[in-house]
Amino acid sequence: MFGAATAAYQIEGAWDADGKGESIWDRLTHTGPKIIEDKTNGDIAADSYRKYKRDVEMVREMSLDTYRFSISWPRILPTGMPNDINPAGIAYYNNLINELLKYNITPMVTLYHWDLPQKLQDLGGFANPLISDWFADYARIVFQTFGDRVKHFITFNEPPQICQTSDMMSSFNTSEGREQFVNATNIVNYLCAKNLLVAHGNAYRIYDKEFRAKQGGQCGFTINIDWYGAHSNSSEDQKAAEMAWQGDWGLYTEPILSALGGFPKEFAERVAKKSAEQGFTRSRLPEFTEEEKTFLRGSADFLGVNHYSGVLVSATVNKKHNHVPSKADDVDVGIIIPKEWQRSADNETTLCPNSLYNVLYQLQSRYNNPIPIYITETGWATTEESKLDDDDRVKYYRAQLEDVLDALDAGVNLKGFIAWSLMDNFEWIRGYTLRFGLYHIDFQDPARTRTPKKSAFVYKHIVNNRYIDHTYQPESMTMTIDPGH
Ligand SMILES: C[C@H]1O[C@@H](Oc2ccc([N+](=O)[O-])cc2)[C@H](O)[C@@H](O)[C@H]1O
């Protein structure tokens, strides 16, 4: 499968239209615009609530067969709870799904891409264990309503990101803001991790028991996995790299994919030790009961991998500058980014050689090639300056797709490649300062006209030819839809 991805808050706009409820991103951007680099918001964004037919046309123009998008929980359940369903929200997603199917495009639907109903945040959000019930109710409504046509459901997009910011969402609106959240994060992000995993497990088991037989689809989860490579062959650096991934994405893959279940062992021991040193009577990382471990083990039909970049990890060098898994509770390793690795416009992600291949190969070896993998996001940030001439993005996608071919040769059970993003959009706290789109949008233009960038033509050429031609240049910048799409 070849596709492109988006997320509701980043593209839909229509933040309060037709009965939609407030989300945490609506609240955050409206009450604390300071936190967003250009002080903007997703109130209108790419206006996809109104322009979804053009979005589908863009997918067709690039000859893609898959579109990954997310459902806004508060658009269909304004309070987050199942007793109040918004018919206009349901109609919007029905229309989008039907438009995709009309052109044989596979919808891949993310249930949660960061826009929690504010009313649930007011009850504690992901720090409240009841989130697992609220999410289960929401998931059941999504499966019931759209599962006759949608066969690929993703419960959560990027749990580490959700949990590292969930405390910001609660503290930001109440008092001193971010400084305070850094103090709370040692605790709240681990509570979030456990609650989110149980919520995922609930949704997966509901799909399995109540819908799979009738609908014949799949339910997985998506995690952001950047490459943590050991800086050298020394056993200390190898161990440091192991700790880095355990504290970052291993916290979420291990309970679902490992044979033992539960949080990664060495990381859990480390947090327990640190917690004791800090005077806590129990580890800040909550434990799973044996029943919970069994419930979560194997609770995914596929793994979605969002991959952007990589770093080298050292046991000795640069130790002051690492943030793994977060600034507040690091795992005491050093992070190195070699100068020769090209940096994207976000100044953090780099074109790290073979990082996607390394990640895929590591997943295959670590979990014994367990379940199909989809690359659910990968992409390169530019600024508005480069407009349609995005040669660096072209270079990046070609490199990622070379890695895909190598991974397939190595026997990785890889089923799809989905680019981030179909179009420029609201890039969270970076506002509109970063562009990830294959299609350009001028956010000053009320029509939000979509225009293909060079990368859109190159991606289409690769998809149509099933071949990466590193010399290909589009002859013109006019896009047409090929027959059959
Ligand atoms: C550009 C997209 O980024 C995705 O999120 C992340 C988060 C963290 C990293 N990282 O390298 O540490 C990369 C991507 C997100 O899912 C999507 O919505 C986009 O904003």
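The name recorded for the protein chain in an unreviewed UniProt entry is Glycosyl hydrolase, from Chrysodeixis includens. The protein chain has a UniProt comment under Subunit (unreviewed entry) that states "Homodimer." Heading Sequence similarities (unreviewed entry) of the UniProt record for the protein chain holds this comment: "Belongs to the glycosyl hydrolase 1 family."

*Asks:* Quick question: what am I supposed to make of the state of the cysteines here?
*Replies:* What makes a disulfide is a covalent bond joining the sulfur atoms belonging to two cysteines. By the definition in use, this model includes 1 disulfide. Shown here is the disulfide that connects cysteine 163 with cysteine 192, its sulfur atoms set 2.1 Å apart. Handedness here is read from the sign of the S-S torsion; for cysteine 163 and cysteine 192, about -70 degrees, the answer is left-handed. Here cysteine 163, found in helix H8 (residues 159-172), pairs with cysteine 192, found in helix H9 (residues 178-215); they are 29 residues apart in sequence, far enough to count as distant. Cysteine 192 shares its class with cysteine 163; the two are buried. Cysteine cysteine 219 shares no disulfide, and the gap to the nearest cysteine sulfur, in cysteine 163, comes to 17 Å. Judged by relative accessible area, which is 0%, cysteine 219 ranks as buried.

*Asks:* Even after reading the chapter, I still don't get the pattern of salt bridges, so can you show me in this structure?
*Replies:* Side-chain pairs of opposite charge can arise where the charged atoms are in close proximity. In this structure the tally under the stated criterion is 28 salt bridges. Notably, a salt bridge pairs arginine 140 with glutamate 210, separated by 2.8 Å at the nearest N-O pair. Of the two residues, arginine 140 is situated in helix H7 (residues 131-146) and glutamate 210 in helix H9; the sequence distance between them amounts to 70 residues. With a relative accessible area of 26%, arginine 140 lands in the partly exposed category. Residue classification places glutamate 210 among the partly exposed residues on the basis of a relative accessible area of 40%. Salt-bridge contacts for lysine 460 lead to aspartate 482; the nearest nitrogen and oxygen are separated by 3.3 Å. Taken together, the positions of lysine 460 in helix H16 (residues 454-465) and aspartate 482 in the segment after H16 put the pair 22 residues apart, joining distant regions of the chain. We classify aspartate 482 as partly exposed; its relative accessible area is 24%.

*Asks:* Please explain the site of the ligand as it appears in this structure.
*Replies:* In the neighbourhood of the ligand, 15 residues make up the surrounding shell, with Gln10, His113, Glu158, Asp226 and Glu427 lying closest. In this structure, aspartate 226 approaches the ligand through a side-chain N or O atom, which is 2.8 Å from an oxygen atom. One nitrogen or oxygen atom from the side chain of tryptophan 428 is found 3.0 Å from an oxygen atom belonging to the ligand. Within the complex, 84% of the 450 Å² of free accessible area of the ligand lies under protein. A class-by-class count of the residues in the shell around the ligand yields 5 nonpolar, 6 polar and 4 charged.

*Asks:* Help me understand the sheet that holds strand S7 (residues 303-306) in this model?
*Replies:* The strands making up a sheet associate through hydrogen bonds between their backbones, and the pairing can be parallel or antiparallel. Ordered by their spatial adjacency, 8 strands build a closed barrel running S1-S2-S3-S4-S5-S7-S10-S11, and the pairing between neighbours is parallel. Averaged over all pairs of adjacent strands, the angle between strand axes in this sheet comes to 25 degrees, irrespective of strand direction. Two elements, strand S1 (residues 2-5) and strand S11 (residues 414-420), share 4 bridges in a ladder whose sense is parallel. The partner of glycine 3 across the bridge, within S11, is isoleucine 418. Against the sheet, helix H15 (residues 391-409) contacts S1, strand S10 (373-377) and S11, and its axis sits at roughly 170 degrees relative to S11.

*Asks:* How should H15 be read in this particular structure?
*Replies:* Since one α-helical turn is 3.6 residues long, residues separated by three or four positions face the same way. The terminal C-alpha atoms of H15, which comprises 19 residues, lie 27 Å apart, in line with the 27 Å expected from a rise of 1.5 Å per residue. Regarding H15, the residues found buried are Arg393, Val394, Tyr396, Tyr397, Arg398, Gln400, Leu401, Asp403, Val404 and Ala407. Among the structural elements, S1, helix H14 (355-366), S10, S11 and H16 are those in contact with the buried residues of H15. Taken from the residues just after H15, glycine 411 is the one with a positive phi, measuring 90 degrees.

*Asks:* Please explain the layout of surface pockets as it appears in this structure.
*Replies:* In this approach, a probe sized like a water molecule rolls over the atoms, and the result shows the empty space that is left. Its boundaries defined by the atoms lining it, the second largest pocket holds a volume of some 430 Å³. What lines the second largest pocket is a set of 22 residues, and nearest its centre among them are Gly262, Phe263, Lys265, Ala268 and Lys293. Listing elements by their share of the lining of the second largest pocket, those giving two or more residues are helix H10 (235-247), helix H12 (265-277) and helix H13 (290-296). Broken down by element, the lining of the second largest pocket gets its largest block of residues, 4 residues, from H12. Its residues assigned to classes, the lining of the second largest pocket shows 9 nonpolar, 5 polar and 8 charged.

*Asks:* Can you help me understand the pairing of strand S5 (residues 218-224) in this one?
*Replies:* One face of the sheet, then the other: side chains in a regular strand alternate in exactly this way. Burial of S5 is extensive: 6 of the 7 residues sit out of reach of the surface. Sheet topology note: the strand S4 (residues 152-157)/S5 ladder contains 4 bridges and is parallel. The residue bridging phenylalanine 153 from the neighbouring strand is cysteine 219, located in S5. Across 4 bridges, the pairing between S5 and S7 is parallel. What sits directly across from phenylalanine 221, in S7, is leucine 303.

Analysis parameters
- Residues numbered from 1 in each chain as written.
- Predicted model: local features only at pLDDT ≥ 70, side-chain atom pairs only at ≥ 80, totals over all residues.
- Heavy atoms only, no water.
- UniProt positions renumbered as here; feature names shortened; annotations may be inferred.
- Disulfide = S-S within 2.5 Å.
- Helix = DSSP H or I, 4+ residues; strand = E, 2+ residues; numbered from the N terminus.
- Buried < 20%, exposed > 50% of the residue type's maximum accessible area, 1.4 Å probe, protein only.
- Salt bridge = Lys/Arg side-chain N within 4 Å of Asp/Glu carboxyl O.
- Near = heavy atom within 4 Å.
- Polar contact = N/O pair within 3.5 Å; in protein donor to acceptor, adjacent residues only side chain to side chain.
- Areas by Shrake-Rupley, 256 points an atom, 1.4 Å probe, with all protein chains shown as cover.
- Nonpolar A, V, L, I, M, F, W, Y, C, P; charged D, E, K, R; others polar.
- Pairing = 2+ DSSP bridges.
- Axes fitted to C-alpha atoms, helices over the stretch in contact; angles between N-to-C directions.
- Contact = heavy atoms within 4.5 Å.
- Expected span 1.5 Å × (residues − 1).
- 1 Å grid on protein atoms, 1.4 Å probe; cavity = no way out; pocket = protein on both sides within 12 Å on 5 of 7 lines; lining within 4 Å.
- Points joined across faces, edges and corners; volume = space filled by probe spheres on them.

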